[in-house]
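Residues per chain, in single letters:
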Amino acid sequence: MTDPLELPASARRPRQTFELEETGFNEVPKRFRRFYRRWRGAGDKLGPNEALCPVCKVVIRSTKELRAGDRVYCMPCMSRLELVEEEGMLIAKVIY
Amino acid sequence: MPETDDPHELGEAEFRNTVHSFEFWFEAVQGYLHGRPYGSPGLRESELTERQRQGLITTLCNYCVGETAALDASSGMIGFAPDRGAKIFLATQVVDEGRHLEVLLHRMKQLGVADPDAEIEQRANRSLLKFKERLLEFVDARDWEASVFAQNVILECLEYTVFRHHAGTADPVTAEMLRGIVSDERRHMGFGENDLGRRLLMAPHTHDRLNQIKRELDSLVINTFAETLGELGVERDDRPDLAGDYLAAVARLGFRS
């Protein structure tokens, strides 16, 4: 069993949770829309519960803080993604 | 459709069945097409110079060639798709491609083109026609990997980039029409990359064959769309990295550029 003190600080603390609201994203069925939003370009910033789909550049949102190893789905382009940490940043990678 | 509203809680098979379904497609397109006849919510036409109008017509002619290629190919591919999910997804793609062709032809008529077929014949880019011919040869040969690669990866990725960029600079009516098409293209290129990605994991030997197809075909489409941006009057320095999304997709699939 891994000693919790050996884990990175982000993994030791409980995950933040998020209430998702509509973002105006309209490319998936209504009940899934709050889980996605459009990328607003260079000045945009991802929240701790968000990841950018590398295939279609839509922002994927979760009700909980995302961490390395999490798996999420991009419904607009039908991709299955895994979060990996690269150079201190959380990146979404497609898993086929 | 699944019971949960959280897509990230779905199992892999359930996710794939959901997003490949007609039910998913229908509810998705309602979001961005409802109340938009021919892809536009009744916007007022802006003034175009004759040079801009001619450039736009030539561009739309080439978009029509690409969409017709995808319509013919995706409908043919249903007959040899590897599973029911892929057949159903391709049926939704056929509907999308038919709609794209219809709205593009309608836009040409709005721009004063009396005989769109004659204009397409006269203005179509030869490289794109060559690409279409090769794509349909793969379909006639019932070659699933080559067809998905040529259509859903090469053609759809490049269309996605060009349409997205063009929507950012076009007149309001053309821009709205293109935005609706781009939303559809996300599904088409995502389907292609994911299907091929799974297939290459199971049959890595397919890689070399597809690499040859890539070498033969991708320059045809890249050159066509580079010319398209010229026709639209986009200065060389302002042109997007046309092949960027496409090269990223093929790199994820393990192809070297």
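Each remark here, short or long, concerns the structure printed above.
About the thresholds
- Residues numbered from 1 in each chain as written.
- Chains lettered and ligands numbered in written order.
- Predicted model: local features only at pLDDT ≥ 70, side-chain atom pairs only at ≥ 80, totals over all residues.
- Heavy atoms only, no water.
- Pairing = 2+ DSSP bridges.
- Helix = DSSP H or I, 4+ residues; strand = E, 2+ residues; numbered from the N terminus.
- Axes fitted to C-alpha atoms, helices over the stretch in contact; angles between N-to-C directions.
- Contact = heavy atoms within 4.5 Å.
- Buried area = accessible area lost by both parts, 1.4 Å probe.
- Salt bridge = Lys/Arg side-chain N within 4 Å of Asp/Glu carboxyl O.
- Polar contact = N/O pair within 3.5 Å; in protein donor to acceptor, adjacent residues only side chain to side chain.
- Buried < 20%, exposed > 50% of the residue type's maximum accessible area, 1.4 Å probe, protein only.
- Expected span 1.5 Å × (residues − 1).
- Bend = angle between axes of the 7 residues up to and from the residue.

### Regarding the sheet that holds strand β3 (residues 58-61) of chain A
Residues and elements named next belong to chain A.
Here comes step 1: Reading across the sheet, the 3 strands line up as β1-β3-β2 and stay open at both edges, with antiparallel pairing between neighbours. The open sheet has two edge strands, β1 (36-38) and β2 (50-52), and neither has a second partner. In this sheet, neighbouring strand axes are inclined to one another by 30° on average, regardless of whether the strands run parallel or antiparallel.

### Some details on the interface of chain B and chain A
The extent of an interface is frequently quoted as the accessible surface area lost upon association of the parts.
Here comes step 1: With 37 residues of chain B at the contact, the number on the chain A side is 34 residues.
Here comes step 2: Among the residues chain B hides against chain A, the three largest losses belong to His 8, Phe 15 and Arg 186 of chain B. Together they make up 24% of the total.
Here comes step 3: At the boundary of chain B and chain A, one finds 4 salt bridges.
Here comes step 4: For Asp 245 of chain B, the salt bridge goes to Lys 57 of chain A, with nearest N and O atoms at 3.3 Å.
Here comes step 5: Applying the counting rule to chain B against chain A returns 19 residue pairs in polar contact (both at pLDDT 80 or more).

### Regarding the environment of His 100 of chain B
Residues and elements named next belong to chain B.
Here comes step 1: Mapped onto the elements, His 100 comes out in helix α4 (residues 84-110).
Here comes step 2: On a C-alpha basis, the gap between His 100 and Phe 191 in space is 18 Å, while along the polypeptide they are 91 residues apart.
Here comes step 3: If near-sequence neighbours (up to four positions away) are discounted, His 100 is found in contact with Glu 67, Ile 181, Asp 184, Glu 185 and His 188.

### Points about the pairing of β3 of chain A
Residues and elements named next belong to chain A.
Here comes step 1: Burial along β3 is two-sided: Val 58 and Ile 60 facing one way and Val 59 and Arg 61 facing the other are all buried.
Here comes step 2: Pairing between β1 and β3: 3 bridges, direction antiparallel. Within the sheet, the bridge partner assigned to Tyr 36 lies in β3 and is Ile 60.
Here comes step 3: Alignment of β2 against β3, held across 3 bridges, turns out to be antiparallel. Bridge pairing in β3 places Ala 51 opposite Ile 60.

### Observations concerning helix α9 (residues 206-231) of chain B
Residues and elements named next belong to chain B.
Here comes step 1: Spanning 26 residues, α9 covers 37 Å between terminal C-alpha atoms, matching the ideal 38 Å at 1.5 Å per step.
Here comes step 2: A maximum bend of about 30° is found in α9 at Leu 217.
Here comes step 3: Residue Gly 233 follows α9 closely and has a positive phi angle near 80°.

### Here's the deal with unusual backbone geometry
Here comes step 1: Of note, the phi angle at Lys 57 of chain A is positive, near 65°, even though the residue is not glycine.
Here comes step 2: The topology assignment puts Lys 57 of chain A in the loop between β2 and β3.
Here comes step 3: Residue classification places Lys 57 of chain A among the partly exposed positions, given a relative accessible area of 27%.
Here comes step 4: The backbone of Arg 142 of chain B shows a phi angle near 55°, a positive value even though the residue is not glycine.
Here comes step 5: Take Arg 142 of chain B: its relative accessible area is 53%, and that puts it in the exposed class.

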